[in-house]
Amino acid sequence: MQPPLAREPLTAEQAAGVARVFKALGDPVRLRIVSIVASHAGGEACVCDITDAFDVSQPTISHHLKVLKDVGVLTSERRASWVYYRVVPETLQELSALLNTPATV
C-alpha cells in the first residue's frame with residue numbers, strides 16, 4: 001500500500017491539520033520537549049522534569065506544552081500537584097506514514 005502522499009493529494013483541510021502539527025514541532029523548544037517526554041522512563045515525564053531541562057521560565061514551558069497538547073502531540077494527566085505528559089503515538093505515526101514515501105516518487 002502506498003503512503004498517503006503518494007496515493008493522492010491532501011485535501012485543503014488535511015493539509016491545514018498536518019501543517020498545524022508541523023508548525024508546533026517546528027519550534028526547537030517544543031521538539032526537545034517531545035523528545036524529553038518520549039525518551040523518559042516509562043514514556044512519560046513530569047512537568048518538573050521538562051522545566052528543569054530548559055533555561056526558560058515555567059510559564060513559557062507551559063505555553064509550549066499547551067501548544068503541543070492542542071495539536072494532539074502530547075496528552076497529560078494530573079496526579080496530585082504534578083502534571084505528567086505522554087506522547088500521543090497515533091499522531092506521530094500519522095506524520096511518519098504521511099512522509100514515508102518511496103524513493104521512486
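Because the structure is predicted, anything quoted here is derived from the model rather than measured. (Residues numbered from 1 in each chain as written. Predicted model: local features only at pLDDT ≥ 70, side-chain atom pairs only at ≥ 80, totals over all residues. Heavy atoms only, no water.)

Peer 1: Can you lay out the packing of aromatic side chains for me, pointing to particular residues and giving the numbers?
Peer 2: Aromatic ring pairs are described here by two measures, namely the spacing of the ring centres and the angle between the planes. In the structure shown here, the tally under the stated rule is zero aromatic pairs. Sitting over the ring of Tyr84, Arg79 keeps its end group 4.4 Å from the ring centre. (Phe/Tyr/Trp six-rings, centres within 6.5 Å; stacked < 30°, edge-to-face > 60°. Lys NZ or Arg CZ within 6 Å of the ring centre and 35° of its normal.)

Peer 1: Quick rundown of the side chain of His64? Include the residues and the values.
Peer 2: Here His64 shows up in helix α5 (residues 58-70). Exposure remark for His64: the relative accessible area of 8% places this residue in the buried category. With residues near it in sequence (within four places) discarded, His64 still touches Asp27, Val29, Arg30 and Ile33. (Helix = DSSP H or I, 4+ residues; strand = E, 2+ residues; numbered from the N terminus. Buried < 20%, exposed > 50% of the residue type's maximum accessible area, 1.4 Å probe, protein only. Contact = heavy atoms within 4.5 Å.)

Peer 1: Account for the pattern of salt bridges, with residues named and values stated.
Peer 2: Within the structure shown, the criterion is met by four salt bridges. Of the charged contacts in the structure, one is a salt bridge between Glu44 and Arg79, with a shortest N-O distance of 2.9 Å. Here Glu44, found in strand β1 (residues 44-46), pairs with Arg79, found in strand β2 (residues 74-79); they are 35 residues apart in sequence, far enough to count as distant. Under the relative-accessibility criterion, Glu44 is labelled buried at 17%. Put simply, Glu44, Glu77, Arg79 and Arg86 are held in one network by salt bridges that share partners. (Salt bridge = Lys/Arg side-chain N within 4 Å of Asp/Glu carboxyl O.)

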